Amino acid sequence: MSSGAERARGPEPATAENPWPVRTVARKIADWVHRLGAVWVEGQVTQISARPGTQTSFLTLRDPAADVSMTVTCPARLLRECEPPLRDGASVVVHARPTFFLGRGTLSLRADEIRPVGIGELLARIERLRKLLAAEGLFARERKRPLPFLPRGIGLITGRASAAEHDVLVNAQTRWPAARFRVLNTAVQGARAVPQIMRALSELDADPDIDVIVIARGGGSVEDLLPFSDETLCRAVAAAGTPVVSAIGHEPDSPLLDLVADRRCSTPTDAGKTVVPDVAEETARVHQLRDRARRALHGWVDTQCRLLEQIRSRPSLADPFGPVERRAAEIETHTERGRRAILTALTHEQSALSSARARLAALGPAATLQRGYAVVQYLDANGELRVLRSISEVSDGAALRVRVADGAIRAVADGSGS
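As the structure is a computational prediction, the values presented were derived from the model and not from experiment.

Student: Please clarify how the packing of aromatic side chains should be interpreted in this entry.
Tutor: The relation between two aromatic rings is expressed through the spacing of the ring centres and the mutual angle of the planes. What the rule picks out here adds up to zero aromatic pairs. Across from the ring centre of F101, 4.9 Å away, lies the NZ or CZ of R104, which sits over that ring.

Printed below as a string of structure tokens:
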């Protein structure tokens, strides 16, 4: 009676002094969950449990983009009617009603319809996601980073003991034996693949010794490669700070990770050849460059030697004193010619001067005076000095002045000639 009345009016608010019993809390949760009604849920199937002779089967529905899962119960016939038969990793759409079990306090989904997601639907979803990521620029060429020529460390995310791991390691270490790898093994298909790959990607991206990350997996069906077209993984690869190489499947396979990664390799073998250079090729290239450098240097030295030889063979350097001596000889010659010309001119002028002097001496009165003649001057009646031409011109007692040949002047007392 009291229990019915309690349900009618509802329990009083829980307090420390008046707490609710577990059954009350469980019932309230169950009432709230049951009011949610049926929902359509999409996920990947794991842990299928269908025992023969039982009417109820169990499976786990996992979110491929997060580490979240829920238990699903369904009639066994639903699993038997699925075509193709369900297997771990298959994508399904389930119509179920959330159910809370009071006795165990657990939440599960009670399914009444299970629809496997077909290949066509998967491809259509991948195509829609591809267009979305392309519109956001995650496939743009300008955002892709170049791979380092020789990485210090290479991170490898792949399945444990898989052929992809073997192909990457063997081919890379064959090309460059000193290549250093850090291998993180993860699931590469199924519901656990995306969370594990993302954790490994985050760990390698945070490692400062890792210069490039390779995500590798062998070939498979569209369902097997579905984790590598997951939106969450694609965005994580696009946001990584370390260049990422995608090596998923074979040449025809093209998950969205190939478009987001900084470099797409057709196979894991191709990835092993891409991330490191070939030591033989690089050694041959070094030898080739050294030979080219040696030939170039020898050619340059030979050219400079020829130029130097040409310069040394020029007259100015072959006989540096010859031009000076020739110039000195020319100067000496010109000096001698100038001396002779000057002497000739002086001689000529001296001769001309002597001739002029001779003519002057012959024509001048000095020569006459030197031969014994004299010039006699007297004062006339007017007191003017006149040259005496005849003694008759001078009166007795006149004063005479005689200029002899040496220019001396003598006075004569009278004009009688005494």
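Student: So what exactly am I meant to see when it comes to the environment of E113 here?
Tutor: Residue placement: E113 occurs in strand β5 (residues 106-116). The exposure class of E113 is partly exposed, given its relative accessible area of 27%. Through-space distance from the C-alpha of E113 to that of L78 is 7.0 Å; in sequence the pair is 35 residues apart. In contact with E113, not counting residues within four places along its chain, are W40, L78, V93, V94 and H95. Engagement of the side chain of E113 in a polar contact is seen with the side chain of R115, the distance being 2.6 Å.

Student: So what exactly am I meant to see when it comes to helix α5 (residues 163-175) here?
Tutor: Turn by turn, an α-helix covers 3.6 residues, leaving residues three or four places apart pointing in a common direction. With 13 residues, α5 extends 18 Å between its outermost C-alpha atoms, agreeing within 8% with the 18 Å of an ideal straight helix rising 1.5 Å per residue. Buried residues in α5 make contact with β6 (154-158), β7 (181-185), β8 (212-217), α9 (268-274) and α10 (279-313).

Student: What exactly am I supposed to notice about the packing of helix α6 (residues 193-205) against helix α7 (residues 231-239) here?
Tutor: Closest axis-to-axis distance for the α6/α7 pair is 10 Å, and the angle between their directions is 10°. Between α6 and α7, the interaxial angle falls into the category roughly parallel. Between α6 and α7, the residues in contact are V194, I197, M198 and L201 and T232, L233, A236 and V237, respectively. Within the contact of α6 with α7, the residues separate by chemical class into seven nonpolar, one polar and no charged.

Student: Just to check I follow, could you spell out the pattern of salt bridges for this structure?
Tutor: Opposite charge on two side chains permits pairing when their charged atoms draw close. With the rule as written, the count across this model stands at 15 salt bridges. Note that E136 is salt-bridged to R235, the shortest N-O span being 2.6 Å. Taken together, the positions of E136 in the loop between α4 (119-135) and β6 and R235 in helix α7 put the pair 99 residues apart, joining distant regions of the chain. Overall, E136 belongs to the partly exposed group, its relative accessible area being 40%. Relative accessible area serves as the criterion here: at 30%, R235 is assigned to the partly exposed category. Here R327 makes a salt bridge to E330, at a shortest N to O gap of 3.0 Å. Residue R327 and its partner E330 are located together in helix α12 (residues 321-363), separated by three residues, close to a single helical turn. Judged by relative accessible area, R327 falls into the exposed class, the value being 55%. Connected via shared salt-bridge partners are E136, E231 and R235.

Student: Got a minute to help me understand a nonpolar patch on the surface in this structure?
Tutor: The grouping of W20, V25 and I29 at the surface amounts to a nonpolar patch, some 230 Å² of accessible area in total. Given a relative accessible area of 35%, V25 falls into the partly exposed group.

Student: Help me out: how do you make sense of unusual backbone geometry in this one?
Tutor: Working note: non-glycine residues mostly have negative phi, and peptide bonds are mostly trans. Notably, A161 is not glycine yet its phi reads approximately 50°, a positive angle. Here A161 lies in the loop between β6 and α5. Relative accessible area serves as the criterion here: at 73%, A161 is assigned to the exposed category.

Student: Looking at this structure, I do not really get the sheet that holds β5. What am I missing?
Tutor: The strand order around the closed barrel built from five strands is β1-β2-β3-β5-β4, with neighbouring strands paired in mixed fashion. Sheet twist, expressed as the average angle between the axes of neighbouring strands with direction ignored, equals 55°. Direction of pairing for strand β3 (residues 69-75) relative to β5: parallel, over a ladder of three bridges. By the bridge assignment, T71 is partnered in β5 with S108. Its contacts with the sheet place helix α2 (residues 22-34) against β4 (91-101) and β5, and it is angled at close to 145° to β4.

Student: What should I look at first to understand the pairing of strand β2 (residues 56-62) in this one?
Tutor: Looking along a regular strand, one sees the side chains alternate between the two faces of the sheet. Across the seven residues of β2, five count as buried, placing the element largely inside the fold. Bridge count for strand β1 (residues 39-49) against β2 is four bridges, and the pairing is antiparallel. Its bridge partner being in β2, V45 is matched across the sheet by L61. Count of turn residues in the β1/β2 antiparallel hairpin: six residues, of which G53 carries a positive phi of about 85°. Taken together, the seven bridges between β2 and β3 define a ladder with antiparallel strand orientation. The residue of β3 that forms the bridge with L61 is M70.

Cut-off values and rules
Residues numbered from 1 in each chain as written. Predicted model: local features only at pLDDT ≥ 70, side-chain atom pairs only at ≥ 80, totals over all residues. Heavy atoms only, no water. Phe/Tyr/Trp six-rings, centres within 6.5 Å; stacked < 30°, edge-to-face > 60°. Lys NZ or Arg CZ within 6 Å of the ring centre and 35° of its normal. Helix = DSSP H or I, 4+ residues; strand = E, 2+ residues; numbered from the N terminus. Buried < 20%, exposed > 50% of the residue type's maximum accessible area, 1.4 Å probe, protein only. Contact = heavy atoms within 4.5 Å. Polar contact = N/O pair within 3.5 Å; in protein donor to acceptor, adjacent residues only side chain to side chain. Expected span 1.5 Å × (residues − 1). Axes fitted to C-alpha atoms, helices over the stretch in contact; angles between N-to-C directions. Parallel < 35°, antiparallel > 145°, perpendicular 65-115°, else oblique. Nonpolar A, V, L, I, M, F, W, Y, C, P; charged D, E, K, R; others polar. Salt bridge = Lys/Arg side-chain N within 4 Å of Asp/Glu carboxyl O. Patch = residues over 30% accessible without salt bridge, like charges linked within 9 Å, V, L, I, M, F, W, Y side chains within 5 Å. Areas by Shrake-Rupley, 256 points an atom, 1.4 Å probe, with all protein chains shown as cover. Pairing = 2+ DSSP bridges.

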